[in-house]
Amino acid sequence: KLIHLGNDKHFEDSINSFLNVDSFLRFIALNGLIANLDTILAMPQNYYLHLNKETNNFMFFPWDLDISFAGWPLGGPPKDQMDLSIVHPHSSDEHILIDRLLAIKSISLKYDQIVQELVNEIFLSGDLYKKYESLEEIISSSREEDLKAIKDRNERAYPAPRGYQPPSIKLFIRERTASITRQMNK
């Protein structure tokens, strides 16, 4: 009722009694930055909603991140997903909870601060690509074994509706970092 029917003043005055807003903003920001559209940003799925008994506030937790990094086949071309807005992080014209929260100046400023922190820590620090290369080295032999097992079991390839194939992680890092940098410099 509060989200859909409450007037702006009532929503602003009451939302903190229902939702851990800072945690939700971080959840939205991080999902947006990694272009994870197979969640609340585009679908009503792939997250847990937890009621903290001590605070009586809801918290969102991610789940099922397997097609993040601009790899969601229903999310449009990967190029568009890699250029997902960081200030309007959902893929539809309207997401009532996100839009109502970000319409509140203090919450919008907090969101911008969270995005800036995550961008600086994850994307602009230069460590993301190094971390990827380190992890790539660690898992490469296991990935080769998995690919061989998939082939031996004659499993289907990655589903690619509309012909969209997910970008490589290296391409995602490069293109998403460039997109974020462009957006931050506007």
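Please read these numbers as outputs of a predicted model, since none were measured by experiment. (Residues numbered from 1 in each chain as written. Predicted model: local features only at pLDDT ≥ 70, side-chain atom pairs only at ≥ 80, totals over all residues. Heavy atoms only, no water.)

Draft legend 1. The arrangement of the environment of Ser108 in detail. Inspection of the secondary structure assignment puts Ser108 in helix H6 (residues 105-123). As for Ser108 and Pro77, which are separated by 31 residues in sequence, their C-alpha atoms are 28 Å apart. If we skip the residues at most four places from it in the chain, Ser108 touches Leu101 and Leu102. (Helix = DSSP H or I, 4+ residues; strand = E, 2+ residues; numbered from the N terminus. Contact = heavy atoms within 4.5 Å.)

Draft legend 2. Region of interest: H6. Its 19 residues place the ends of H6 26 Å apart at the C-alpha level, agreeing with the 27 Å of an ideal helix rising 1.5 Å per residue. Considering only its buried residues, H6 is in contact with helix H3 (21-33), helix H5 (96-102), helix H7 (127-152) and helix H8 (169-184). (Expected span 1.5 Å × (residues − 1).)

Draft legend 3. Up close: a nonpolar patch on the surface. On the surface, Phe18, Leu49, Leu51 and Phe58 cluster together into a nonpolar patch covering about 350 Å² of accessible area. When you line up the elements, Phe18 lands in the loop between helix H2 (8-14) and H3. By relative accessible area, Phe18 is classed as partly exposed at 44%. (Patch = residues over 30% accessible without salt bridge, like charges linked within 9 Å, V, L, I, M, F, W, Y side chains within 5 Å. Areas by Shrake-Rupley, 256 points an atom, 1.4 Å probe, with all protein chains shown as cover. Salt bridge = Lys/Arg side-chain N within 4 Å of Asp/Glu carboxyl O. Buried < 20%, exposed > 50% of the residue type's maximum accessible area, 1.4 Å probe, protein only.)

Draft legend 4. Focus on the environment of His10. Here His10 is to be found in helix H2. Among the residues examined, His10 registers a relative accessible area of 42% and is labelled partly exposed. Separated by 54 residues in the primary sequence, His10 and Asp64 have C-alpha atoms spaced 34 Å apart.

Draft legend 5. Local environment of the pairing of strand E1 (residues 47-52). As defined by bridge partners, E1 adjoins strand E2 (residues 57-62) across 6 bridges and the pair is classed as antiparallel. Note on E2: the bridge partner recorded for Tyr48 is Phe61. In this structure, the hairpin formed by E1 and E2 is closed by a connection of 4 residues, where Asn56 is found at a positive phi of approximately 60°. (Pairing = 2+ DSSP bridges.)

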